[in-house]
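# Understanding the architecture of this molecule
As a plain string of letters, each chain reads:
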Amino acid sequence: GFRYIEMAFTLFFASEICLKMSLVGPAKYFMGSSKAWNVFDFSVVGMALVDLLLTELFLQGNTLNNVTMFRVARLARLTRMMRLLRLLRLRIFKE
């Protein structure tokens, strides 16, 4: 249920970052005019990818007690929602 939705959003945002980097280049992506947002997006998606990876690794062995150590990393979900709100806000103001 929710895990698959989380994976879909994380993969979507990760592919967005990869696409942006391939279009403008890594140097301009991290040092361009919107570098603060790009670094923020990169770090949020990076944390989300680590969270997904660790959750999947620990759920493979059905050791749910070990997953509780990484619940702090799940704060990336909240920051991901902030990123989504920022994207929606920018699209509303552009129209």
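## Remarks on the overall build of the chain
If you tally the helices and strands in the chain, you get five helices and zero strands. Going from N to C terminus, the chain has its helices and strands arranged as α-α-α-α-α. Once local pairs closer than 6 in sequence are excluded, the contacts in the chain between residues at least 24 apart make up 65%.

## Some thoughts on the nonpolar core
Residues F13, A14, I17, M21, Y29, V45 and L87 constitute the largest nonpolar core, which totals seven residues. In terms of residues, this core owes the most to one element, helix α1 (residues 2–24), which gives four residues. Aside from chain neighbours lying at most four places away, what touches A14 is V45 and L49.

## Observations regarding α1
Counted at 1.5 Å a residue, the expected span for α1 with its 23 residues is 33 Å, and the 33 Å between its end C-alpha atoms agrees. All of the buried residues along α1 are E6, T10, F13, A14, E16, I17 and M21. Two residues or fewer after α1 comes G25, characterised by a positive phi angle close to 90°.

## So, the packing of aromatic side chains
Applying the stated criterion to the full structure yields five aromatic pairs. One aromatic cluster is present, formed by F9, F12 and F13 through successive ring pairs.

## Brief notes about a nonpolar patch on the surface
A contiguous nonpolar surface patch, about 310 Å² in accessible area, is contributed by F2, I5 and F9. Looking at I5, the relative accessible area reads 46%, which means it is partly exposed.

## Re the environment of V44
Structurally, V44 can be placed in helix α3 (residues 35–60). Overall, the relative accessible area of 1% leaves V44 in the buried class. Sequence-wise, V44 and R83 are 39 residues apart; in three dimensions their C-alpha atoms are separated by 8.5 Å.

Quick notes on the rules
- Residues numbered from 1 in each chain as written.
- Predicted model: local features only at pLDDT ≥ 70, side-chain atom pairs only at ≥ 80, totals over all residues.
- Heavy atoms only, no water.
- Helix = DSSP H or I, 4+ residues; strand = E, 2+ residues; numbered from the N terminus.
- Contact = heavy atoms within 4.5 Å.
- Core = buried A, V, L, I, M, F, W, Y, C linked by side-chain atoms within 4.5 Å.
- Buried < 20%, exposed > 50% of the residue type's maximum accessible area, 1.4 Å probe, protein only.
- Expected span 1.5 Å × (residues − 1).
- Phe/Tyr/Trp six-rings, centres within 6.5 Å; stacked < 30°, edge-to-face > 60°.
- Patch = residues over 30% accessible without salt bridge, like charges linked within 9 Å, V, L, I, M, F, W, Y side chains within 5 Å.
- Areas by Shrake-Rupley, 256 points an atom, 1.4 Å probe, with all protein chains shown as cover.
- Salt bridge = Lys/Arg side-chain N within 4 Å of Asp/Glu carboxyl O.

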